[in-house]
Amino acid sequence: MADVGGNSSGRSRERYVPSYEALTAPMPVIRDEDGTAVGTRVPRRFPIGDGEEPVLVSRRDLDGAFPGSAPVYPPSTFGNPGAHGDGGPAAPPAPPPPPARTGNNRFRAAVSAVAAVVSAAAIVGAFVLFSADEPDDPVPMPRADAATEPMLPRAVPTITLPGVPKVKALQPLPGTPSPVLGTVTDTKAAIAYVKLGAPWTARAIPSFSVGHQVGAARLPRTMVASGTLPGAAPVNALKTSADFRRVALTAVRWTIRHHYPAGSKVVWTASQEPVAGRGWTFGYQVTYRVKGERRTSQAALSLLDVGRRKPAMLFVTVPDTRKQLWADIAPLVASARAL
(Lines give C-alpha, C1' and ligand atoms only; values in the text may rest on other atoms or scores of the structure.)
Protein backbone atom coordinates (compact mmCIF):
# COMPACT_ATOMS: atom_id res chain seq x y z
CA MET A 1 0.00 0.00 0.00
CA ALA A 2 1.29 3.31 -1.01
CA ASP A 3 1.47 6.24 1.34
CA VAL A 4 -0.12 9.50 0.51
CA GLY A 5 2.09 11.56 -1.69
CA GLY A 6 4.26 8.57 -2.41
CA ASN A 7 4.76 6.06 -5.13
CA SER A 8 4.26 2.34 -5.22
CA SER A 9 7.56 1.76 -3.54
CA GLY A 10 6.53 3.86 -0.57
CA ARG A 11 9.01 6.61 -1.29
CA SER A 12 8.08 10.26 -1.49
CA ARG A 13 8.14 12.03 -4.74
CA GLU A 14 10.25 14.66 -3.08
CA ARG A 15 14.03 14.10 -2.80
CA TYR A 16 15.15 12.60 0.53
CA VAL A 17 18.53 12.67 2.19
CA PRO A 18 19.61 10.12 4.78
CA SER A 19 19.90 11.25 8.36
CA TYR A 20 23.16 10.94 10.32
CA GLU A 21 21.23 10.66 13.51
CA ALA A 22 19.02 7.70 12.46
CA LEU A 23 20.63 5.18 10.16
CA THR A 24 17.43 3.52 9.02
CA ALA A 25 14.79 6.28 8.81
CA PRO A 26 14.95 8.61 5.82
CA MET A 27 14.49 12.29 6.56
CA PRO A 28 12.57 14.71 4.38
CA VAL A 29 14.43 17.40 2.51
CA ILE A 30 13.89 20.87 3.91
CA ARG A 31 14.36 23.83 1.65
CA ASP A 32 15.99 27.00 2.82
CA GLU A 33 14.72 30.42 1.80
CA ASP A 34 17.18 30.54 -1.05
CA GLY A 35 16.05 27.14 -2.28
CA THR A 36 18.99 25.10 -1.04
CA ALA A 37 18.37 21.84 0.64
CA VAL A 38 19.11 21.79 4.36
CA GLY A 39 19.66 18.52 6.20
CA THR A 40 20.03 17.70 9.85
CA ARG A 41 23.83 17.52 9.66
CA VAL A 42 25.51 20.42 11.45
CA PRO A 43 27.94 22.21 9.17
CA ARG A 44 31.49 22.44 10.27
CA ARG A 45 31.59 26.18 9.67
CA PHE A 46 28.84 28.80 9.57
CA PRO A 47 29.03 32.51 9.05
CA ILE A 48 28.84 34.83 11.99
CA GLY A 49 28.97 38.53 12.05
CA ASP A 50 31.32 40.03 9.51
CA GLY A 51 31.90 36.92 7.45
CA GLU A 52 34.38 35.21 9.79
CA GLU A 53 33.99 31.47 9.87
CA PRO A 54 35.48 30.09 13.10
CA VAL A 55 36.11 26.42 13.41
CA LEU A 56 33.57 24.81 15.69
CA VAL A 57 35.45 21.59 16.26
CA SER A 58 39.24 21.58 16.18
CA ARG A 59 40.28 18.15 15.07
CA ARG A 60 43.18 16.66 13.12
CA ASP A 61 42.94 14.79 9.89
CA LEU A 62 44.40 11.32 9.64
CA ASP A 63 47.73 12.66 8.50
CA GLY A 64 48.11 14.82 11.65
CA ALA A 65 47.42 18.21 10.00
CA PHE A 66 44.71 20.57 11.03
CA PRO A 67 41.70 20.95 8.71
CA GLY A 68 42.28 23.49 6.08
CA SER A 69 46.09 23.36 6.40
CA ALA A 70 48.39 22.31 3.60
CA PRO A 71 48.93 18.55 3.39
CA VAL A 72 52.11 17.17 4.91
CA TYR A 73 53.98 14.56 2.92
CA PRO A 74 56.78 12.28 4.02
CA PRO A 75 60.26 13.02 2.72
CA SER A 76 60.02 10.20 0.18
CA THR A 77 57.02 11.91 -1.51
CA PHE A 78 58.28 15.50 -1.30
CA GLY A 79 57.62 17.18 -4.60
CA ASN A 80 55.32 14.27 -5.61
CA PRO A 81 51.96 14.70 -3.81
CA GLY A 82 50.39 11.89 -5.82
CA ALA A 83 52.54 9.38 -4.02
CA HIS A 84 50.77 10.25 -0.72
CA GLY A 85 47.74 8.33 -1.77
CA ASP A 86 45.38 11.26 -2.51
CA GLY A 87 44.62 9.87 -5.88
CA GLY A 88 46.27 12.69 -7.78
CA PRO A 89 48.69 12.12 -10.58
CA ALA A 90 52.29 11.52 -9.60
CA ALA A 91 54.51 14.52 -10.16
CA PRO A 92 57.61 14.00 -12.28
CA PRO A 93 60.94 13.70 -10.39
CA ALA A 94 62.89 16.88 -9.76
CA PRO A 95 65.38 17.64 -12.52
CA PRO A 96 69.11 17.35 -11.63
CA PRO A 97 70.94 20.56 -10.68
CA PRO A 98 72.41 22.39 -13.61
CA PRO A 99 76.16 21.84 -14.13
CA ALA A 100 78.54 24.46 -12.77
CA ARG A 101 79.53 27.08 -15.17
CA THR A 102 83.15 26.73 -16.21
CA GLY A 103 83.36 30.36 -17.14
CA ASN A 104 82.45 31.53 -13.63
CA ASN A 105 85.00 29.20 -12.00
CA ARG A 106 87.75 30.49 -14.23
CA PHE A 107 86.78 34.06 -13.49
CA ARG A 108 86.86 33.46 -9.73
CA ALA A 109 90.26 31.74 -9.94
CA ALA A 110 91.66 34.68 -11.89
CA VAL A 111 90.33 37.16 -9.31
CA SER A 112 91.87 35.14 -6.44
CA ALA A 113 95.26 35.05 -8.17
CA VAL A 114 95.22 38.81 -8.77
CA ALA A 115 94.29 39.43 -5.11
CA ALA A 116 97.17 37.23 -3.91
CA VAL A 117 99.67 39.10 -6.11
CA VAL A 118 98.42 42.47 -4.87
CA SER A 119 98.69 41.36 -1.19
CA ALA A 120 102.25 40.09 -1.67
CA ALA A 121 103.27 43.33 -3.36
CA ALA A 122 101.79 45.35 -0.47
CA ILE A 123 103.75 43.32 2.12
CA VAL A 124 107.03 43.71 0.21
CA GLY A 125 106.44 47.42 -0.18
CA ALA A 126 105.79 47.89 3.53
CA PHE A 127 108.98 45.96 4.39
CA VAL A 128 111.08 48.10 2.03
CA LEU A 129 109.45 51.31 3.24
CA PHE A 130 110.02 50.73 6.96
CA SER A 131 113.39 48.93 6.78
CA ALA A 132 115.11 52.29 6.67
CA ASP A 133 113.96 52.93 10.26
CA GLU A 134 116.34 50.26 11.66
CA PRO A 135 119.25 51.87 13.57
CA ASP A 136 122.66 51.62 12.01
CA ASP A 137 124.25 50.59 15.32
CA PRO A 138 121.96 48.13 17.11
CA VAL A 139 122.18 47.93 20.90
CA PRO A 140 124.50 45.05 21.80
CA MET A 141 123.11 42.25 23.97
CA PRO A 142 124.57 42.15 27.48
CA ARG A 143 127.16 39.44 28.04
CA ALA A 144 127.51 37.35 31.14
CA ASP A 145 130.52 38.20 33.24
CA ALA A 146 133.27 35.75 33.96
CA ALA A 147 131.77 34.79 37.32
CA THR A 148 128.50 33.60 35.76
CA GLU A 149 129.89 31.99 32.63
CA PRO A 150 130.21 28.21 32.74
CA MET A 151 133.71 26.93 33.39
CA LEU A 152 135.18 25.35 30.31
CA PRO A 153 137.16 22.16 30.84
CA ARG A 154 140.87 22.82 30.89
CA ALA A 155 143.36 20.55 29.27
CA VAL A 156 145.16 18.32 31.77
CA PRO A 157 148.87 19.20 31.68
CA THR A 158 151.16 16.41 30.60
CA ILE A 159 153.66 15.36 33.26
CA THR A 160 156.90 14.15 31.78
CA LEU A 161 159.13 12.04 34.02
CA PRO A 162 162.75 11.07 33.37
CA GLY A 163 163.85 7.50 32.94
CA VAL A 164 163.61 5.46 36.14
CA PRO A 165 166.74 3.70 37.47
CA LYS A 166 166.22 0.02 38.13
CA VAL A 167 167.53 0.11 41.70
CA LYS A 168 168.77 3.05 43.78
CA ALA A 169 168.64 3.03 47.55
CA LEU A 170 166.95 5.86 49.45
CA GLN A 171 169.62 7.83 51.35
CA PRO A 172 169.06 9.77 54.61
CA LEU A 173 169.03 13.52 54.13
CA PRO A 174 170.63 16.12 56.42
CA GLY A 175 168.50 17.86 59.03
CA THR A 176 167.08 17.36 62.52
CA PRO A 177 164.71 14.42 62.84
CA SER A 178 161.40 15.07 64.57
CA PRO A 179 160.52 13.14 67.74
CA VAL A 180 158.58 9.88 67.32
CA LEU A 181 155.39 9.77 69.39
CA GLY A 182 154.01 6.42 68.38
CA THR A 183 152.44 4.71 65.39
CA VAL A 184 149.90 5.94 62.86
CA THR A 185 147.43 3.21 61.93
CA ASP A 186 145.54 3.83 58.72
CA THR A 187 142.83 1.19 58.76
CA LYS A 188 141.31 2.34 55.50
CA ALA A 189 144.57 1.90 53.59
CA ALA A 190 145.60 -1.05 55.84
CA ILE A 191 149.09 0.25 56.67
CA ALA A 192 150.95 1.63 59.70
CA TYR A 193 154.01 3.94 60.11
CA VAL A 194 155.68 6.10 62.75
CA LYS A 195 153.92 9.10 64.23
CA LEU A 196 156.06 12.22 64.43
CA GLY A 197 155.71 14.98 67.01
CA ALA A 198 155.96 18.74 66.67
CA PRO A 199 156.01 20.55 64.39
CA TRP A 200 153.88 17.88 62.68
CA THR A 201 150.17 18.05 63.39
CA ALA A 202 147.28 15.91 62.20
CA ARG A 203 145.37 17.48 59.29
CA ALA A 204 142.71 16.36 56.88
CA ILE A 205 144.24 16.22 53.41
CA PRO A 206 142.07 15.66 50.31
CA SER A 207 142.40 12.28 48.56
CA PHE A 208 144.03 10.70 51.65
CA SER A 209 142.57 8.93 54.66
CA VAL A 210 145.20 10.07 57.22
CA GLY A 211 147.44 13.15 57.07
CA HIS A 212 149.95 15.26 59.02
CA GLN A 213 151.12 18.70 58.00
CA VAL A 214 153.44 21.54 58.96
CA GLY A 215 152.52 25.14 58.25
CA ALA A 216 149.96 26.37 55.77
CA ALA A 217 148.20 24.26 53.18
CA ARG A 218 149.27 26.37 50.19
CA LEU A 219 151.68 25.02 47.60
CA PRO A 220 154.34 23.81 48.05
CA ARG A 221 153.18 21.83 51.11
CA THR A 222 155.00 20.12 53.96
CA MET A 223 152.98 16.94 54.50
CA VAL A 224 152.86 13.22 55.30
CA ALA A 225 149.73 11.41 54.07
CA SER A 226 148.54 7.85 53.51
CA GLY A 227 145.61 6.21 51.72
CA THR A 228 144.72 3.80 48.96
CA LEU A 229 146.07 4.29 45.46
CA PRO A 230 144.19 7.25 43.86
CA GLY A 231 142.01 6.58 40.85
CA ALA A 232 140.78 3.29 39.51
CA ALA A 233 142.20 -0.04 40.57
CA PRO A 234 144.89 -1.53 38.31
CA VAL A 235 143.48 -3.54 35.45
CA ASN A 236 145.78 -6.48 36.09
CA ALA A 237 146.76 -7.91 39.46
CA LEU A 238 150.08 -6.69 40.82
CA LYS A 239 152.31 -9.75 41.21
CA THR A 240 155.90 -8.75 40.55
CA SER A 241 158.19 -5.89 41.54
CA ALA A 242 157.99 -4.62 37.96
CA ASP A 243 154.20 -4.41 38.28
CA PHE A 244 154.45 -2.36 41.48
CA ARG A 245 157.17 -0.14 39.99
CA ARG A 246 154.98 0.61 36.96
CA VAL A 247 151.97 1.54 39.09
CA ALA A 248 154.12 3.53 41.55
CA LEU A 249 155.33 5.59 38.59
CA THR A 250 151.76 6.62 37.78
CA ALA A 251 151.26 7.54 41.46
CA VAL A 252 154.31 9.84 41.37
CA ARG A 253 152.92 11.52 38.26
CA TRP A 254 149.63 12.09 40.14
CA THR A 255 151.47 13.81 43.05
CA ILE A 256 153.30 16.15 40.66
CA ARG A 257 150.00 17.21 39.09
CA HIS A 258 148.12 17.85 42.38
CA HIS A 259 150.70 18.87 45.00
CA TYR A 260 153.28 21.01 43.22
CA PRO A 261 153.17 24.21 41.14
CA ALA A 262 152.69 23.87 37.40
CA GLY A 263 155.81 23.22 35.36
CA SER A 264 157.56 21.19 38.05
CA LYS A 265 160.50 18.98 37.06
CA VAL A 266 161.54 15.66 38.63
CA VAL A 267 164.93 14.10 39.37
CA TRP A 268 164.99 10.57 40.83
CA THR A 269 166.83 10.09 44.12
CA ALA A 270 165.75 6.50 44.92
CA SER A 271 164.10 3.46 43.32
CA GLN A 272 163.89 0.31 45.39
CA GLU A 273 161.68 -2.30 46.98
CA PRO A 274 160.15 -1.38 50.36
CA VAL A 275 161.89 -2.42 53.58
CA ALA A 276 159.02 -4.77 54.50
CA GLY A 277 156.65 -6.59 52.22
CA ARG A 278 156.02 -6.26 48.52
CA GLY A 279 155.72 -3.03 46.60
CA TRP A 280 157.96 -0.25 45.34
CA THR A 281 159.47 2.98 46.71
CA PHE A 282 160.53 6.10 44.80
CA GLY A 283 162.57 9.04 46.11
CA TYR A 284 162.59 12.20 43.98
CA GLN A 285 163.52 15.86 43.98
CA VAL A 286 161.02 18.33 42.54
CA THR A 287 162.07 21.74 41.22
CA TYR A 288 159.66 24.57 40.39
CA ARG A 289 159.38 28.36 40.56
CA VAL A 290 157.52 30.45 43.16
CA LYS A 291 157.20 34.17 42.30
CA GLY A 292 159.95 33.73 39.75
CA GLU A 293 162.36 32.16 42.25
CA ARG A 294 163.63 28.61 41.73
CA ARG A 295 162.62 26.32 44.61
CA THR A 296 163.10 22.62 45.50
CA SER A 297 161.20 19.95 47.47
CA GLN A 298 162.40 16.52 48.58
CA ALA A 299 159.79 13.76 48.35
CA ALA A 300 159.28 10.01 48.58
CA LEU A 301 156.41 7.67 47.70
CA SER A 302 156.04 4.05 48.77
CA LEU A 303 153.47 1.66 47.29
CA LEU A 304 152.69 -1.36 49.50
CA ASP A 305 150.88 -4.61 48.78
CA VAL A 306 148.12 -5.05 51.41
CA GLY A 307 146.36 -8.04 49.83
CA ARG A 308 143.76 -5.93 48.00
CA ARG A 309 143.22 -4.98 44.39
CA LYS A 310 144.31 -1.40 45.17
CA PRO A 311 147.60 -1.11 47.07
CA ALA A 312 148.27 1.38 49.86
CA MET A 313 150.32 4.53 49.35
CA LEU A 314 152.48 6.62 51.71
CA PHE A 315 153.57 10.06 50.45
CA VAL A 316 156.04 12.52 52.05
CA THR A 317 157.12 15.94 50.72
CA VAL A 318 159.10 18.76 52.36
CA PRO A 319 160.11 22.04 50.61
CA ASP A 320 163.49 23.71 50.97
CA THR A 321 161.98 26.33 53.26
CA ARG A 322 161.95 23.57 55.94
CA LYS A 323 165.20 21.76 55.14
CA GLN A 324 165.60 20.64 58.77
CA LEU A 325 162.63 18.28 58.22
CA TRP A 326 164.19 16.52 55.25
CA ALA A 327 165.71 14.12 57.77
CA ASP A 328 162.18 12.79 58.55
CA ILE A 329 161.61 11.44 55.04
CA ALA A 330 163.75 8.28 55.12
CA PRO A 331 162.58 7.12 58.63
CA LEU A 332 158.91 7.57 57.66
CA VAL A 333 159.22 5.51 54.47
CA ALA A 334 161.30 2.79 56.15
CA SER A 335 158.68 2.37 58.94
CA ALA A 336 155.73 1.64 56.63
CA ARG A 337 154.18 -1.81 57.07
CA ALA A 338 151.05 -3.54 55.83
CA LEU A 339 148.51 -4.35 58.58
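Residues numbered from 1 in each chain as written. Predicted model: local features only at pLDDT ≥ 70, side-chain atom pairs only at ≥ 80, totals over all residues. Heavy atoms only, no water.

Caption draft 1: Inspection of the overall build of the chain at higher detail. The number of helices and strands found in the chain is three helices and 14 strands. Across the 339 residues in the chain, those meeting the buried criterion constitute 28%. About 23200 Å² of surface is accessible on the chain, with carbon and sulfur atoms providing 59% of the total. (Helix = DSSP H or I, 4+ residues; strand = E, 2+ residues; numbered from the N terminus. Buried < 20%, exposed > 50% of the residue type's maximum accessible area, 1.4 Å probe, protein only. Areas by Shrake-Rupley, 256 points an atom, 1.4 Å probe, with all protein chains shown as cover.)

Caption draft 2: Representation of the packing of aromatic side chains in the model. For the structure shown, the criterion picks out four aromatic pairs. An angle of 65 degrees between the planes, with centres 5.9 Å apart, marks the rings of F208 and W254 as edge-to-face. One end of the pair, F208, is in the loop between β7 (201-202) and β8 (210-214); the other, W254, is in helix α2 (residues 241-259), with 46 residues separating them in the sequence. For the residue pair F208 and W254, the accessibility class agrees, reading buried in each case. Between W268 and F282 the ring centres are 4.7 Å apart and the planes differ by 35 degrees, which places this aromatic pair in the tilted class. (Phe/Tyr/Trp six-rings, centres within 6.5 Å; stacked < 30°, edge-to-face > 60°.)

Caption draft 3: Fine view of empty space enclosed by the protein. By the definition in use, this model includes one cavity of 30 Å³ or more. By volume, the largest cavity is sized at about 50 Å³. Residue lining of the largest cavity: V184, Y193, V194, K195, L196, W200, H212, V224 and L332, and that is the complete set. At four residues, strand β6 (residues 191-196) tops the list of elements feeding residues into the lining of the largest cavity. Among the residues forming the lining of the largest cavity, the class breakdown is seven nonpolar, one polar and one charged. (1 Å grid on protein atoms, 1.4 Å probe; cavity = no way out; pocket = protein on both sides within 12 Å on 5 of 7 lines; lining within 4 Å. Points joined across faces, edges and corners; volume = space filled by probe spheres on them. Nonpolar A, V, L, I, M, F, W, Y, C, P; charged D, E, K, R; others polar.)

Caption draft 4: Just the pairing of strand β10 (residues 265-272), in detail. Strand direction decides the pairing type here: β10 and strand β11 (residues 279-290), joined by seven bridges, are antiparallel. Across the sheet, the residue bridging to S271 is F282, located in β11. Counting the residues in the hairpin turn of β10 and β11 gives six residues, including G277, whose phi is positive at 80 degrees. (Pairing = 2+ DSSP bridges.)

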